[in-house]
Structures are given as C-alpha cells and as structure tokens.
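Architecture and fold: a report
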Amino acid sequence: MQHYTPTWKLIGANHRVCIYAYDDPKISGVTCHVSQARTGGVKGSFGLAEDPSQFSLACRQIGPITLPAKLAEDEIVFSNDTSIFFKETDVHRFFDHKRNVLIYMAISRKIIEGAPANAISTVPIQPWGGK
C-alpha cells in the first residue's frame, strides 16, 4: 500500500489517500489499483471514522490472461470495509464476451439513502509476449 497525505491533522492520524494493488484471484495476468480517501483525526486513528465514498480504479493486463472454464457473470473479486457500520467498497468483475473484454466496477455500498459512488476500468484480453 502507498499513501499520500493531503491534509495534516493536529490531533490523530492525518487524512490520506491510499493506493492498493489487487491481483484478480481467478484470472492471472490482471491487476487492479484502487485509490481511496481515508479519514484521519481522532476517530480515524481508532478506526471509528467513516471514510468518504471517494475512490478511483485502474485495472491492467500485466501478463498472459487465462480465463477459467467457468466465469461468473458478476463476481465480487475484492472487498474493502470503509466504515465499521455497513459501508464497504466492492470491486466486481464482468466479462463482455462480444468484445473479449474484462470489466471491473468499483462501487461503494452504503445503507444510507443516495446513489452509490462507482468507477469502472476495462481490460481487453490480448496476446502477451507472443503468446
């Protein structure tokens, strides 16, 4: 994990933007990077703060891609809690058969009313290194 501190806090942890790398557990050759805002301060220091639904997603082919024989239409491939109460960021994988493209969608799930934040990234399945 990498992080950047955009706001300094006098008491408690600083606010920060964290970058996480996730390898798709079922499809070798694909890695996704997610950046997420993390709340600092006293509540953030104790893990009690609710992180904002602000994130970005970028997925890339990093090696040869081998699709499994059975691939679910919609599958959660990564999940990250952003609050101790009912809030998480999930990354779903979809497969566009017609275009031979993997689609990754990050979405913030929150029980409170309102539209969830989301982002997508696509990975076209292409030959890798002459393979």
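Residues numbered from 1 in each chain as written. Predicted model: local features only at pLDDT ≥ 70, side-chain atom pairs only at ≥ 80, totals over all residues. Heavy atoms only, no water.

1. Section: the environment of Glu75
Among the secondary structure elements, Glu75 is positioned in strand β5 (residues 75-81). A residue is classified by how much of its surface remains accessible, and Glu75, at 14% relative accessible area, is buried. Remark: the alpha-carbon pair of Glu75 and Phe95, spanning 20 residues in sequence, is separated by 9.9 Å. Setting aside chain neighbours within four positions, we find Glu75 in contact with Lys26, Val91, His92 and Arg93. For Glu75, the side chain forms a polar contact with the side chain of Lys26, separated by 2.6 Å. (Helix = DSSP H or I, 4+ residues; strand = E, 2+ residues; numbered from the N terminus. Buried < 20%, exposed > 50% of the residue type's maximum accessible area, 1.4 Å probe, protein only. Contact = heavy atoms within 4.5 Å. Polar contact = N/O pair within 3.5 Å; in protein donor to acceptor, adjacent residues only side chain to side chain.)

2. So, the pattern of salt bridges
Considering all chains together, one arrives at four salt bridges under this definition. The salt bridge involving Arg93 is made with Asp24; its shortest N-O contact spans 2.7 Å. Of this pair, Arg93 sits in strand β6 (residues 87-96) while Asp24 sits in the loop between β2 (15-23) and β3 (30-38); the two residues are 69 residues apart in sequence, bridging distant segments of the chain. Arg93 gets classed as buried once you look at its relative accessible area, which sits at 0%. Owing to a relative accessible area of 5%, Asp24 belongs among the buried residues under this scheme. A cluster of three or more residues bridged by salt bridges with shared partners is formed by Asp24, Lys26, Glu75 and Arg93. (Salt bridge = Lys/Arg side-chain N within 4 Å of Asp/Glu carboxyl O.)

3. A word on unusual backbone geometry
In this structure, Asn100 is a non-glycine residue whose phi angle is positive, near 55 degrees. With respect to the helices and strands, Asn100 occurs in the loop between β6 and β7 (101-110). Taking the relative accessible area as the measure of exposure, Asn100 reaches 33% and is therefore partly exposed.

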